[in-house]
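These are the residues of each chain, in order.
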There are 2 protein chains.
Amino acid sequence: MNPIPIVRTPAALREKVSQARSTGARIALTPTMGALHRGHLSLVEIAGARAEFTIASVFVNPLQFAPSEDFAAYPRNEAHDVAQLASAGCHCVYAPTVEAIYPAGFSTTINVAGVSAALEGGVRPSHFSGVATVVAKLLIQTNPHVAIFGEKDYQQLLVIRRLAIDLDLSTEVVAAPIVREADGLALSSRNSYLTDQQRQIAPALHRTLVWAAEDLSKGAAVAETEAEGTGRLRDAGFDNVDYFEARDPLDLGRMGPGPLARPARLLAAARLGRTRLIDNLACESPRA
Amino acid sequence: MNPIPIVRTPAALREKVSQARSTGARIALTPTMGALHRGHLSLVEIAGARAEFTIASVFVNPLQFAPSEDFAAYPRNEAHDVAQLASAGCHCVYAPTVEAIYPAGFSTTINVAGVSAALEGGVRPSHFSGVATVVAKLLIQTNPHVAIFGEKDYQQLLVIRRLAIDLDLSTEVVAAPIVREADGLALSSRNSYLTDQQRQIAPALHRTLVWAAEDLSKGAAVAETEAEGTGRLRDAGFDNVDYFEARDPLDLGRMGPGPLARPARLLAAARLGRTRLIDNLACESPRA
């Protein structure tokens, strides 16, 4: 495997993009925070089906971490990440420093109202403005034809879709399906924080979402399924359940408390010790 | 004079820009809210010296007006504006509807901290986020080589410079000098609100800034000159003085209360009845 180029500044990135564009290549961007797993690599594979030149960014964005969160501890292993990206068919890695993205004097914040407010936005109040700000910068710096984001961070995907429309960015935002372990646990860089015992409990998150989707598709009431799902997670050993909710798949608005009248998205966040896991699942409504 | 094309949607704008770029033309944008005067036309002339294809946008941006302000009453006369822009050498007018800029579901707000906070930001708390949001959209939609903004709105110019750097926009932000009436009054679309009597008082704003700049350049103390300038405006007949201050020309930070140790920008806002006028002036420090 040949080494792939690593660029570290917006100017060097733009030069690579300009070279690729001059050959007529379509450009894809897959933003990541590194600590790559097969989920990330699936983004690169999807990018490869839609563009001739795929750039993966590797940047742990301080703006999207609250002071109490795991910015400093977040796993970083650039050499391993770059090797994996090269194997997956990536053509260029953009790994800027914090100072290259946020130079002295940086003062701008982007907020996406509405879809940012509930769920993760309730638990992590400044998280999505940090995400929106860095993703806007990465998209403007790269100006790709397509950008690939995983459905694992479903709310983030909706925030970024809204952002791209609202700021008139010419990038198509493409959703990539969640990649899971054999026992159903969604791949996440934060799974590495789990103890062996917590790792045994963790698949209950996906299992309970599957149960709830089936329950709702059979006509169960939303409020009851949400309450029972929360209880099942606690019984399985989760230390706290931040939310377990059926929401509108496009704007994350609440569904009514009764049986689903239309398809929904089930979204959940729960904690095992200090590790916070999130997951989500599409949910059909009962047949009329 | 041939009529110039008027485009009303981002897609139609992009097509015009794409056509012009394909001929190798450099693109200039001069954002305006219409109600054009010679100050605006000077922006178009500066644009013409820096680019081969000049687009003027005409859009009264509701986001930058507070509910109590003059959005509905703001003067609008598109036919007159377009004729003037054509005479000044503009090649294309972008006059979108509010719905074209902010379609249903629009949810994104851009804030520029720091330079937005004082002066106008103190009196009009949501003004600069409205400005930053619309200017980011206009710059992203147009992607011009240069964009021209008048120094009359000096703080706005600094906000936009910061925004363009922070969002990695590839547009050079160019400042245009203030254009004045013979008696010194800075041209403004809001001057049309003035009664004859108010119009007689209005030039005192510039005259007092000129006096203050001279006073400070001779070594007067900032705090005393600011206080006396405010008093002079009241004595001249202004109903209220929102601010009359010497500030750092780049970040609008406060100068010390004593004599200037470095050049400053004098900025003032004062009211005549319900009309609010702003003006500003460069100010040298005393010779060492």
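The structure displayed is predicted, hence computed values, not measured ones. (Residues numbered from 1 in each chain as written. Chains lettered and ligands numbered in written order. Predicted model: local features only at pLDDT ≥ 70, side-chain atom pairs only at ≥ 80, totals over all residues.)

J.: Is there a simple way to think about the overall build of chain A in this case?
T.: On a plain count of helices and strands, chain A comes out with 10 helices and 10 strands. In terms of overall dimensions, chain A is globule-like: its C-alpha atoms have a radius of gyration of 19 Å, near the 19 Å expected for 288 residues. By residue count, 43% of the 288 residues in chain A fall in the buried class. Across chain A, the fraction of contacts at a sequence separation of at least 24, relative to all contacts at a separation of at least 6, is 72%. (Helix = DSSP H or I, 4+ residues; strand = E, 2+ residues; numbered from the N terminus. Rg over C-alpha atoms; globule rule 2.2 N^0.38 Å. Buried ≥ 20, exposed ≤ 12 C-beta atoms within 10 Å, placed from the backbone. Contact = placed C-beta atoms within 7 Å.)

J.: Help me understand the domain arrangement of chain A, please; the structure alone is not making it clear to me.
T.: By convention, interface size is frequently given as the accessible area that disappears when the constituent parts associate. Residues and elements named next belong to chain A. If you check the domain split of chain A, you get domain 1 (6-176) and domain 2 (189-283). Taking only C-alpha atoms into account, the centre of domain 1 sits 26 Å from that of domain 2. Contacts between the two partners involve 13 residues from domain 1 and, on the opposite side, 11 residues from domain 2. Counting only elements with at least two residues in the side of domain 1 that touches domain 2, the list comes to α5 (120-123) and α7 (154-166). For the side of domain 1 that touches domain 2, the element with the most residues is α7, which contributes three residues. Its residues placed into classes, the side of domain 1 that touches domain 2 shows nine nonpolar, three polar and one charged. (Domains from an automatic or database assignment. Nonpolar A, V, L, I, M, F, W, Y, C, P; charged D, E, K, R; others polar.)

J.: Just to check I follow, could you spell out the interface of chain A and chain B for this structure?
T.: Contacts between the two partners involve 21 residues from chain A, matched on the other side by 21 residues from chain B. Listed by contribution, the elements that provide at least two residues to the side of chain A that touches chain B are β5 (108-112), α6 (127-142) and α7 of chain A. The element best represented in the side of chain A that touches chain B is β5(A), accounting for five residues. Grouping the amino acids of the side of chain A that touches chain B by side-chain chemistry returns 11 nonpolar, six polar and four charged. With five bridges joining them, β5(A) and strand β5 (residues 108-112) of chain B adopt antiparallel strand pairing. Bridging across to β5(B), A:V112 finds its partner in B:T108. (Pairing = 2+ DSSP bridges.)

J.: Where do I start with helix α3 (residues 78-87) of chain A in this structure?
T.: Helical periodicity: at 3.6 residues per turn, an α-helix aligns residues three or four positions apart in one direction. Residues and elements named next belong to chain A. Those residues of α3 that fall on the buried side of the exposure criterion are D81, V82 and L85. Each buried residue of α3 lies within a common arc of 95° when the element is viewed along its axis, so the set occupies one face. Among the exposed residues of α3, those pointing more than 90 degrees away from its buried face are A79 and S87. Buried residues belonging to α3 abut β1 (6-7), α2 (38-50), β3 (53-58) and β4 (92-94). (Arc of directions from axis to C-beta.)

J.: What should I look at first to understand the relation of the copies chain A and chain B in this one?
T.: Each copy of the sequence occupies a distinct position, and chain A is placed on chain B by a rotation of 180° and an axial shift of 0.0 Å, giving an RMSD of 0.0 Å. Both copies of the chain, as the preceding transformation shows, are related through a two-fold rotation axis. Taking C-alpha positions as the reference, the residue of chain A nearest the rotation axis is A:I110, at 2.3 Å. A high fraction, 100%, of the interface residues of chain A reappear at the interface in chain B, so the copies pair face to face through one surface. (Least-squares fit on C-alpha atoms with pLDDT ≥ 70 in both.)

J.: Before we go on, may I ask you to explain the environment of B:E214 in this structure?
T.: Residue and element names in this part refer to chain B. By the secondary structure assignment, E214 is in helix α9 (residues 204-217). E214 sits in the partly exposed class, given 13 other C-beta atoms within 10 Å. Here the alpha-carbon distance between E214 and C283, two residues 69 residues apart in the chain, equals 7.7 Å.

J.: Just checking my understanding: could you explain unusual backbone geometry for this structure?
T.: Backbone geometry follows two general trends: most residues other than glycine have a negative phi, and most peptide bonds adopt the trans configuration. Residues and elements named next belong to chain A. You will see that A35, though not glycine, has its phi angle at about 50°, which is positive. Structurally, A35 can be placed in the loop between β2 (27-32) and α2. Using a count of 19 C-beta atoms within 10 Å as the deciding quantity, one classes A35 as partly exposed. Here the phi dihedral of L252 falls at roughly 60°; this positive angle occurs in a residue that is not glycine. Here L252 is to be found in the loop between β8 (240-247) and β9 (264-272). For L252, a count of 22 C-beta atoms within 10 Å translates into the label buried.

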